[in-house]
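Residue-level structure breakdown
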Amino acid sequence: MARYGNSKFSDAGFPDPAQGMRLANMEPYKADLSAHLGQKLYVEIVDNATSDWGLIFADAFHMYHATEPSEGTVAVDIKPDFDRYRIQNPSFETGDLTGWTIVEGQAFHTGSVSDETSYWAENIPYNQEGEYHLNGWKSAESATGKLRSSTFELGGTGWISFRLGGGKHTDQVYVDVIDADTGKLVARYGNTEFADVNFPNPDQGLRLANMEQYRADLSKYRQESVP
């Protein structure tokens, strides 16, 4: 919803706060979140820094004021433009391939997105996030192809996450992360959890079309644009 930093930090005037020094000595801030009245929120205090005063001091989080507080610096929302860190239509919630480009082959087409929540007579859940997902059964298993996302800038901690199902042979079916400027392969991930055991019980380890949650650390590639 919002992100605030200590905009008053200053290592000038040492050791006298009266001359503007603002180091570990805290400053009072006030923030206008009136656009979110009635919503349930929580606060996270985040330290992603490792040097150069890369630590934080905090106190006195008061979440109700009948009127605007008379004291405190107005906190400036420094929330980044998250759109540049996202791909378009990441969960296929448009119900189609909006934001995705069919690069080659017949494995993917305009009908590849599905709102089905389970498969086969046993109603095994796909484990999709939201209403839709990319469904490989909408083409013949013999079909091959390549589908490309929109370009994004790797940001935040550098971790990404996604879900995968199917793809028994990870050398043939996989997700590539590619440097958009050079075309260089950054990373390749397959569904390493695929398991055709204990049918039809996912709670006993069955992993077929039911998708698994994955996370990947790409932190060393931060500040690069990748599709």
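Let us look at the structure shown here.

Parameters and conventions
Residues numbered from 1 in each chain as written. Predicted model: local features only at pLDDT ≥ 70, side-chain atom pairs only at ≥ 80, totals over all residues. Heavy atoms only, no water. Helix = DSSP H or I, 4+ residues; strand = E, 2+ residues; numbered from the N terminus. Rg over C-alpha atoms; globule rule 2.2 N^0.38 Å. Buried < 20%, exposed > 50% of the residue type's maximum accessible area, 1.4 Å probe, protein only. Areas by Shrake-Rupley, 256 points an atom, 1.4 Å probe, with all protein chains shown as cover. Salt bridge = Lys/Arg side-chain N within 4 Å of Asp/Glu carboxyl O. Phe/Tyr/Trp six-rings, centres within 6.5 Å; stacked < 30°, edge-to-face > 60°. Pairing = 2+ DSSP bridges. Core = buried A, V, L, I, M, F, W, Y, C linked by side-chain atoms within 4.5 Å. Polar contact = N/O pair within 3.5 Å; in protein donor to acceptor, adjacent residues only side chain to side chain. Contact = heavy atoms within 4.5 Å. Patch = residues over 30% accessible without salt bridge, like charges linked within 9 Å, V, L, I, M, F, W, Y side chains within 5 Å. Lys, Arg positive; Asp, Glu negative; His and termini not counted. Charge placed at Lys NZ, Arg CZ, Asp CG, Glu CD.

1. Description of the overall build of the protein
Counting its secondary structure elements, the protein contains 0 helices and 14 strands. Each helix and strand of the protein, placed in order from N terminus to C terminus, yields the pattern β-β-β-β-β-β-β-β-β-β-β-β-β-β. Taken against the 2.2 N^0.38 rule, which gives 17 Å for 227 residues, the C-alpha radius of gyration of the protein at 24 Å runs more than 25% over that of a compact globule. Each principal axis of the C-alpha atoms in the protein carries an extent, and together these give about 75 × 45 × 35 Å. Out of the 227 residues in the protein, the part that is buried amounts to 24%. When the accessible surface of the protein is totalled, it reaches about 15,900 Å², and 49% of it is carbon and sulfur.

2. Regarding the pattern of salt bridges
What the rule picks out here adds up to 8 salt bridges. Here lysine 30 ties to glutamate 68 by a salt bridge, and the two come within 3.0 Å at their closest N and O atoms. Note that lysine 30 is positioned in strand 1 (residues 29–30) and glutamate 68 in the loop between strand 1 and strand 2 (73–74), a separation of 38 residues in sequence. Relative accessible area serves as the criterion here: at 15%, lysine 30 is assigned to the buried category. When the shortest N-O distance is used, the salt bridge between arginine 86 and aspartate 83 registers 3.2 Å. Taking the relative accessible area as the measure of exposure, arginine 86 reaches 45% and is therefore partly exposed. The exposed category is assigned to aspartate 83, whose relative accessible area is 57%.

3. A look at the packing of aromatic side chains
One pass over the structure, following the stated rule, counts 11 aromatic pairs. When the centroid spacing of 5.1 Å and the interplanar angle of 75° are considered together, the rings of tyrosine 119 and tryptophan 120 count as edge-to-face. What makes tyrosine 119 buried here is its relative accessible area of 2%. Each member of the aromatic cluster is reached from another via a ring pair, and the members are Tyr119, Trp120, Tyr126, Trp137 and Phe199.

4. Concerning the pairing of strand 11 (residues 175–178)
Here 4 bridges tie strand 11 to strand 12 (residues 185–189), and the two strands are oriented antiparallel to one another. Paired with aspartate 176 across the bridge in strand 12 is arginine 188. In sequence, strand 11 turns back onto strand 12 through a hairpin of 6 residues, with glycine 183 there showing a positive phi of about 80°.

5. A word on the nonpolar core
Core analysis: the largest hydrophobic core is formed by 12 residues, namely Phe152, Leu154, Ile160, Phe162, Leu164, Val177, Val186, Ala187, Tyr189, Tyr214, Ala216 and Leu218. Contributing elements (two or more residues each) for this core: strand 10 (159–164), strand 12 and strand 13 (212–217). Grouped together as the second largest cluster of nonpolar side chains are 7 residues, Ile124, Leu206, Leu208 and Met211 included.

6. What about the side chain of asparagine 191?
With respect to the helices, strands and loops of the structure, asparagine 191 is situated in the loop between strand 12 and strand 13. Side-chain polar atoms of asparagine 191 contact the backbone oxygen of glycine 166, separated by 2.8 Å. In this structure, asparagine 191 is in contact with Leu164, Gly165, Gly166, Gly167, Thr170, Glu212 and Tyr214, ignoring residues within four places of it in sequence.

7. So, a nonpolar patch on the surface
On the surface, a nonpolar cluster with roughly 500 Å² of combined accessible area is contributed by Phe9, Met26, Trp53, Leu55 and Phe57. With respect to the helices, strands and loops of the structure, phenylalanine 57 is situated in the loop between strand 1 and strand 2. Given a relative accessible area of 39%, phenylalanine 57 falls into the partly exposed group.

8. As for the environment of threonine 182
Mapped onto the elements of the fold, threonine 182 is located in the loop between strand 11 and strand 12. From its side chain, threonine 182 meets the backbone nitrogen of lysine 184 in a polar contact 3.2 Å long.

9. So, a negative patch on the surface
A grouping of Glu93, Asp115, Glu129 and Glu131 is seen on the molecular surface, where their side chains present a negatively charged patch. Assignment of secondary structure puts glutamate 129 in the loop between strand 6 (124–125) and strand 7 (133–134).

10. Overview of the environment of phenylalanine 9
Mapped onto the elements of the fold, phenylalanine 9 is located in the segment before strand 1. Here phenylalanine 9 falls in the partly exposed class, since its relative accessible area comes to 36%. Beyond its immediate sequence surroundings of up to four residues, phenylalanine 9 is in contact with Arg22, Leu23 and Trp53.

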